[in-house]
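Analysis of the macromolecular model
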Amino acid sequence: MRLQVRGRFRPRRSRIFVFLGLLGPGLIAANAGNDAGGIATYSEVGAKYGYTLLWAMLLITVSLALVQRSAGRMGAVTGKGLSELIRERYGIRWSAFATLCVLVANFGICISDFVGVGAALGLAGIPAQVSVPIAGLGIWLVIVRGSYRSAERVFIWLTIPFFAYPIAAILAHPDWGKVGHSLVVPTVHTSPAFLLLFIAMAGTTITPYMQLYLQSAVVERGATVADLKSESNEAVGGSIFADIVAAFIIIATGATLYVHGTHSIGSAADAAKALEPFAGRYAELLFGIGLLGASLLAAAILPIATSYAVAESLGFEKGIGRRRDEAPVFIGLITVMIVVSGLVAMVPGVPVISLLVGVQVVNGLLLPINLFFVWRLARNEELMGEHRNKGAVDWVTAATVAITSTLSLILVAVTVLGL
Amino acid sequence: MPAPAATVAPPEVLHLSLILGGALRDADGTRLGRVDDLIVRLGGAGYPPITGFLVTIAGRTGRRSYVPAERVAAIAPGAVTLTKAKLDLRPFQRRGDEVLLRHDVLDHQLINVEGARLVRANEIELARLDGWWRVVGVDTGARGGLRRLLPKRLAGRIATGDFVDWASLEPFSGDVPSVRMRVLHPKLARMHPADIADLVEAASRDEGEEILQALGDDGELEADVFEELDARHQLEQLEGRSDAEVAELLARMAPDDAADLCAELPAERREAVIDLLAEAPRRKVRALLGFDPAEAGGLMSPDFVSVYRQATVADALERVRRSRLPDEMLATVWVMDQHHRFLGSVALAALVRADPEASVIELEVDDAPHLSPRADFEEIARLMADYNLTAAAVCDAEERMIGVVTVDDVLEVLLPKGWRRRFGLLGED
């Protein structure tokens, strides 16, 4: 029996930190973008437009890397979470507004991840009405009982099948010339559907909760100014890595579904077909396992991250180790998110892929608000001193805010005016 | 400051959010600008008085001016009125013991000394005491937050929440590293070291540093707090300190906790710090570092009070009196023969009750059990439970006593997970 002890010469960081040290919160946060909603969106992009949107992926990666880097640095310099900084610098109204946006966006993602669980097990013939309640109860117990760490490890292992995408993409023999061309030459379509998908892509890749999670994780790690360089590198590296995987999902679907004339994805089974060049008839199994792991991981992390953000900004007691009577709002919100998301995901005949993409659109719409605060806080001299964002970094971050805001406004206009 | 006598009419009360953003008026009632922030002076006894205002004068947006409290005649919801018609602006120079209520306190975390926890200031209550406005309390509940979220007209309809009296609150000095100042936190010294450690763990790194700095003059208290901190926070707080400072802290800590902390230090730093320790603590720490942390040798403290079998009760009591060990380590006096072989133990209570001339050997518990340094938790716990011990002796192969395992060392390990509060998104299980 191995007891956890206060003791000498145990590893400098406890096992979870060793584990996170290998993966790192920068990598985890960015990879969380490749959850059920991410996979659905990238698959849809690849199926509908082939490789032609890869250039956008390149731009989004630059933005993501800088935004994640800012969040990581803020955590290391100030030792405070993002919601906490917003509350302290901008007061309770702005903080409540930002938190509300995060709440709406995260609720959507949470629903989409339970839908992902249902879809993944649906491939094995298990109806969502059976799989989702079990998954929800399991996740709730794991969070409230607090043995969440070990579960997280299992979930992360479960996502490894998604690394089959790069292999599948290569085995599908895409036209590499076209891929390279699409990467550097922007192609723009003028249809609302294109705009929608573009915003969904930005929304799922630069998700607000990724910054919240990363900053809190960096704080929790006890990183200081001395770790600034490694934290920055990790945030940037994690973003690039996650987006390479995302790009390969687009290439793999583009080289299979799009080429074969399937321009729309209706179900998880359709999306799984992109893995056929690699896995053949096991494509569905591989896809299902990956989707299940990614969905479970996100469905477990999201309620926690959301509850932290709400508690930080409104000043409620928080902490996973707390009992219900110690932190009623914190635990209550986690419970409500799991129950409601699970119930929505159990609705029979829910249009899986369009719901997943729709949630990413909402995310994309709310994204500029969170980014605005990241931009303003990271360049604040009082807060960040000599480590504030300056020059090109600050400009590109500002441009990201401006571009995502413009896109969101256009989308609202298009929807309202029915153009 | 004495609390206002019960016979006096209740003082006028104001809330900070009703003043901020309100008008700045001159004596004639002309609107001059907007009130941005209130400055209060901490440090004195009693409730901190308002010493000035930061204002934006109409037509000069983006520049803040300072109005000292002496120039202000009245503070009311929505308006601050000057004593004169003429405006006399000065540049604001923040003094060491001043904080800005909106910038540094409102929406920030404060230490609630009574509950030993961190609270967030949702609203600040001011009252007119002894002729001038002072900060008397902070609303930390949901109501205060809701009042500020809603438009002012609606907010008035919501009853104010529970205010925590300022007497049990300590603010942090603010998140401006360039003007970080030494704010004393006299109320902290009233708290138990374990509670202070909980606060340091819950606070951000800089806030934690501030709490520990505030204890700076009381090295013993600081060492006690460090004994209670978890490893991550210990290391976090030691990062900025020199090896000599770390050694000084270690010397004040109990040897077993000091050894634990040494083991956590980065390898390249460990030797340097141990070399800076004085002879006695260095030997103890080195000896303890050689044992397995999960066994009695690693858990024990090498400090204990022992007497030879020939000693009288009076001798033993005198040893206890002269000892500089903490109280809980003195509940038991250990007895050995002239070859330092372990014989047994005598409870302090038994010594106190006994005839001072009697020999300790008459009181000694015969064949008292002892542990080998290799004993594991189960063995230690079973021995303590079976013999109703709060402390058990650890002896080497020659039966010489080398240390004591106390019940709190074992409890810490055996307590169920989750009983200890955990903070943070990625907190350890």
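Residues numbered from 1 in each chain as written. Chains lettered and ligands numbered in written order. Predicted model: local features only at pLDDT ≥ 70, side-chain atom pairs only at ≥ 80, totals over all residues.

Quick word on the overall build of chain A
A tally of helices and strands in chain A yields 18 helices and zero strands. Going through the 419 residues of chain A one by one, you find that 56% of them count as buried. (Helix = DSSP H or I, 4+ residues; strand = E, 2+ residues; numbered from the N terminus. Buried ≥ 20, exposed ≤ 12 C-beta atoms within 10 Å, placed from the backbone.)

Description of the overall build of chain B
Along the backbone of chain B there are 18 helices and 20 strands. Relative to its length of 429 residues, chain B is extended, with a C-alpha radius of gyration of 29 Å against a globular reference of 22 Å. Considered along the principal axes of its C-alpha atoms, chain B spans approximately 90 × 55 × 35 Å. Within chain B, residue pairs in contact and separated by at least 24 positions form 58% of the contacts whose partners lie at least 6 positions apart. (Rg over C-alpha atoms; globule rule 2.2 N^0.38 Å. Contact = placed C-beta atoms within 7 Å.)

Some remarks on the environment of V313 of chain B
All names here are of chain B. Following the sequence through the fold, V313 ends up in helix α14 (residues 313-322). A sequence separation of 41 residues divides V313 from A354, and the C-alpha atoms of the two residues are 7.1 Å apart. Those residues in contact with V313, other than ones at most four positions away along the chain, are L351, A354, D355, P356, A358 and V360.

Structural notes on helix α7 (residues 219-228) of chain B
An α-helix turns once every 3.6 residues. As a result, residues three or four positions apart point the same way. Turning to α7 of chain B, its buried residues are E222, A223, D224, V225 and F226 of chain B. Where α7 of chain B is buried, its residues touch α5 (193-202), α6 (205-214), α8 (231-238) and α9 (243-252) of chain B.

Looking at helix α7 (residues 164-171) of chain A
All names here are of chain A. Among all positions of α7, only A164, Y165, A168 and A169 are buried. Seen from one end, α7 has its buried residues packed into an arc of 135°, which puts them on one side. Against α11 (228-258), α13 (276-279) and α14 (283-314) lie the buried residues of α7. Note on α7: the residue one or two positions beyond its end, H173, has a positive phi of about 50°. (Arc of directions from axis to C-beta.)

Some points on the pairing of strand β5 (residues 65-68) of chain B
All names here are of chain B. Alternating residues of β5 divide into S65 and V67, all buried, and Y66 and P68, none buried. With four bridges joining them, strand β4 (residues 50-57) and β5 adopt antiparallel strand pairing. Directly across from G52, in β5, lies its bridge partner P68. (Pairing = 2+ DSSP bridges.)

Points about the sheet that holds strand β1 (residues 13-15) of chain B
Residue and element names in this part refer to chain B. Read across the open sheet, the four strands follow the order β1-β11-β12-β13; overall the sheet is antiparallel. With one partner strand each, in any of the chains shown, β1 and β13 (163-165) form the two edges of the open sheet. Strand-to-strand twist of the sheet, defined as the mean angle between neighbouring strand axes without regard to direction, takes the value 40°. Bridge count for strand β11 (residues 123-129) against strand β12 (residues 132-139) is seven bridges, and the pairing is antiparallel. Of the residues in β12, the one forming a bridge with I124 is V138. (Axes fitted to C-alpha atoms, helices over the stretch in contact; angles between N-to-C directions.)

Side note on the pairing of strand β10 (residues 117-120) of chain B
Residues and elements named next belong to chain B. Alternating residues of β10 divide into L118 and R120, all buried, and R117 and V119, none buried. Summarising the sheet, strand β9 (residues 109-112) and β10 pair through four bridges and their orientation is antiparallel. Residue pairing across strands places Q109 opposite R120, the latter belonging to β10. Hairpin connection, β9 to β10: the antiparallel pair is bridged by four residues, and A116 has positive phi, about 55°.

Considerations on the sheet that holds strand β16 (residues 332-336) of chain B
Residue and element names in this part refer to chain B. Sheet architecture is open: three strands sit in the order β15-β16-β17, paired in mixed fashion. The sheet is open, and its two edges are formed by β15 (306-308) and β17 (342-347), each paired on a single side. Here the strands of the sheet are splayed against their neighbours by 30° on average, with no regard to which way each runs. As defined by bridge partners, β16 adjoins β17 across five bridges and the pair is classed as antiparallel. The partner of V333 across the bridge, within β17, is V346.

Structural notes on the packing of helix α10 (residues 255-264) of chain B against helix α12 (residues 279-289) of chain B
Residue and element names in this part refer to chain B. Contact geometry for α10 and α12: axes closest at 9 Å, N-to-C directions at 65°. Judged by the twist between their axes, the crossing of α10 over α12 is right-handed. Residue-level contacts link P255, D256, A258, A259, C262 and A263 of α10 to P281, K284, V285, L288 and L289 of α12. For the contact of α10 with α12, a count of residues per class yields nine nonpolar, no polar and two charged. (Left-handed = near helix turned anticlockwise from the far one by under 90°. Nonpolar A, V, L, I, M, F, W, Y, C, P; charged D, E, K, R; others polar.)

Comments concerning the packing of helix α4 (residues 82-122) of chain A against helix α15 (residues 328-346) of chain A
Residues and elements named next belong to chain A. It is at 8 Å that the axes of α4 and α15 come closest, and there the two elements cross at 50°. Relative to α15, the element α4 is oriented oblique. In this structure, α4 meets α15 at a crossing whose hand is right-handed. Between α4, through F107, C110, I111, F114, V115 and G118, and α15, the contact on the second element is made entirely by M337, S341, G342, V344 and A345. The residue inventory of the contact of α4 with α15, partitioned by class, reads eight nonpolar, three polar and no charged. (Parallel < 35°, antiparallel > 145°, perpendicular 65-115°, else oblique.)

Structural notes on the confidence of the model for chain A
Residues and elements named next belong to chain A. Confidence in the prediction for chain A averages 82 pLDDT; 87% of positions are at 70 or higher. Looking across chain A, the model is least confident in helix α1 (residues 15-31), with a mean pLDDT of 55, and most confident in helix α3 (residues 54-78), with 92. Predicted confidence is poor over residues 1-22, with pLDDT under 50, and the contacts of this stretch with residues over four places away or in other chains come to 34 contacts. (pLDDT = per-residue confidence, 0-100.)

Some details on the domain arrangement of chain B
Domain assignment breaks chain B into domain 1 (1-183) and domain 2 (299-413). If you average the C-alpha positions of domain 1 of chain B and of domain 2 of chain B, the two centres end up 57 Å apart. (Domains from an automatic or database assignment.)

So, unusual backbone geometry
Residue and element names in this part refer to chain B. The residue D107 is not glycine, and still its phi comes out positive at about 70°. Summarising the element assignment, D107 is placed in the loop between α2 (101-105) and β9. Positive phi is not limited to glycine here, since H340 has a value of about 65°.

Observations concerning the confidence of the model for chain B
Low pLDDT means the predicted coordinates in that region are not meant to be read closely. Residues and elements named next belong to chain B. Mean pLDDT over chain B stands at 80; residues scoring 70 or higher make up 90%. Scored below 50 in pLDDT, residues 1-6 shows five contacts in the model against residues more than four places distant or in partner chains. Across residues 420-429, where pLDDT falls below 50, the model places 31 contacts with residues more than four positions away in sequence or in other chains. Under the prediction, the complex receives an ipTM of 0.74, its pTM being 0.75.

What to know about the environment of A105 of chain A
Residue and element names in this part refer to chain A. Tracing the chain through its elements places A105 in helix α4. With 261 residues separating them along the chain, A105 and L366 place their C-alpha atoms 7.0 Å apart. Sequence-distant contacts of A105, that is, excluding residues within four places in its chain, are made with P208, V362, N363 and L366.

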